[in-house]
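Observations on chain architecture
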Amino acid sequence: MELDRIEQLLEKYFEAQTSIAEEKELKEYFSSSDVAQHLERYKPLFGYTIQARQEQFSAILPLKTNKRKSVIWISAAASVIVLLGVSLFTYNHYNQPKSNDLGTFDDPEIAYKETQKALAMISEHVNIGIGSMNYLNEYEQSKNKIFKK
């Protein structure tokens, strides 16, 4: 009779329909020494919970961390790097050779020719910019035709 009840409880257990009391009954049965031969294969399944209860975590965890020391070292290293960066920048900036050559010419004709070259280059780039403005004008006209004001 008891064996039939255990088999019924196993079926209910595998269908996830057992109550806590029924599961406890199964654990007690499989932890005993008189388990039926054909049900021996389920013994590790229910014996695991008993074994798992007996296990305890015994490692020692440190409660205090040395986070503060690492933060101090990182902040000190960062401030040294910033200080070195600023000092190298100022050193390179103030020790640049001073150039008095500002593009001045002694001969007025050479100055005139160089000025014409510079103005021609500026004019060329301005004309390219004005050419692209034609596309904007066409867009504006098309928009005004579609969305009449």
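Before reading on, note that the structure itself is shown above.
Procedures and definitions
Residues numbered from 1 in each chain as written. Predicted model: local features only at pLDDT ≥ 70, side-chain atom pairs only at ≥ 80, totals over all residues. Heavy atoms only, no water. Helix = DSSP H or I, 4+ residues; strand = E, 2+ residues; numbered from the N terminus. Buried < 20%, exposed > 50% of the residue type's maximum accessible area, 1.4 Å probe, protein only. Contact = heavy atoms within 4.5 Å. Axes fitted to C-alpha atoms, helices over the stretch in contact; angles between N-to-C directions. Parallel < 35°, antiparallel > 145°, perpendicular 65-115°, else oblique. Left-handed = near helix turned anticlockwise from the far one by under 90°. Nonpolar A, V, L, I, M, F, W, Y, C, P; charged D, E, K, R; others polar. Patch = residues over 30% accessible without salt bridge, like charges linked within 9 Å, V, L, I, M, F, W, Y side chains within 5 Å. Areas by Shrake-Rupley, 256 points an atom, 1.4 Å probe, with all protein chains shown as cover. Salt bridge = Lys/Arg side-chain N within 4 Å of Asp/Glu carboxyl O. Core = buried A, V, L, I, M, F, W, Y, C linked by side-chain atoms within 4.5 Å. Expected span 1.5 Å × (residues − 1). Arc of directions from axis to C-beta.

1. Structural notes on the side chain of Glu-22
Along the polypeptide, Glu-22 turns up in helix 2 (residues 20–31). Judged by its relative accessible area of 14%, Glu-22 falls in the buried class. The residues contacting Glu-22, other than those within four sequence positions of it, are Arg-5, Leu-9, Lys-12 and Gln-17.

2. Thoughts on the packing of helix 1 (residues 2–14) against helix 2
Two numbers describe how helix 1 lies on helix 2: the axes approach to 10 Å, and their chain directions differ by 125°. The pairing of helix 1 with helix 2 is recorded here as oblique in orientation. In the packing of helix 1 onto helix 2, the handedness of the crossing is left-handed. Residues Glu-2, Leu-3, Arg-5, Ile-6, Leu-9, Leu-10, Lys-12 and Tyr-13 of helix 1 pack against Glu-22, Glu-23, Glu-25, Leu-26, Tyr-29 and Phe-30 of helix 2. For the contact of helix 1 with helix 2, the residue count by class is eight nonpolar, no polar and six charged.

3. Some words on a nonpolar patch on the surface
A grouping of Leu-119, Met-121, Ile-122, Val-126 and Ile-130 is seen on the molecular surface, where their side chains present a nonpolar patch of about 490 Å² in accessible area. Looking at the secondary structure, you find Ile-122 in helix 5 (residues 108–146). Note on Ile-122: relative accessible area 47%, which makes it partly exposed.

4. Looking at the pattern of salt bridges
The final tally for this structure, using the stated rule, is four salt bridges. A salt bridge links Glu-22 to Lys-12, with the nearest nitrogen and oxygen atoms 2.9 Å apart. With Glu-22 in helix 2 and Lys-12 in helix 1, the pair connects residues that are ten residues apart, well separated along the chain. Between Lys-117 and Glu-114 there is a salt bridge, and its shortest N-O distance comes to 3.5 Å.

5. Digging into unusual backbone geometry
Phi at Ala-16 is positive, roughly 60°, even though this residue is not glycine. One can find Ala-16 in the loop between helix 1 and helix 2. Ala-16 sits in the exposed class, given a relative accessible area of 69%.

6. A few points about the nonpolar core
Counting residues in each nonpolar core, the largest one holds ten residues, listed as Ile-6, Leu-9, Leu-10, Leu-26, Tyr-29, Phe-30, Val-35, Ala-36, Leu-39 and Phe-46. The residues contacting Val-35, other than those within four sequence positions of it, are Tyr-29, Phe-30, Glu-40 and Lys-43.

7. Overview of helix 2
Taking 1.5 Å as the rise per residue, helix 2 with twelve residues should run 16 Å; its terminal C-alpha atoms sit 16 Å apart, in good agreement. Residues of helix 2 that are buried include every one of Glu-22, Leu-26, Tyr-29 and Phe-30, and no others. Down the axis of helix 2, the buried set is contained in an arc of 90°. They therefore lie on one face. Opposite the buried face of helix 2, by more than 90 degrees, sit the exposed residues Ile-20, Ala-21 and Lys-24.

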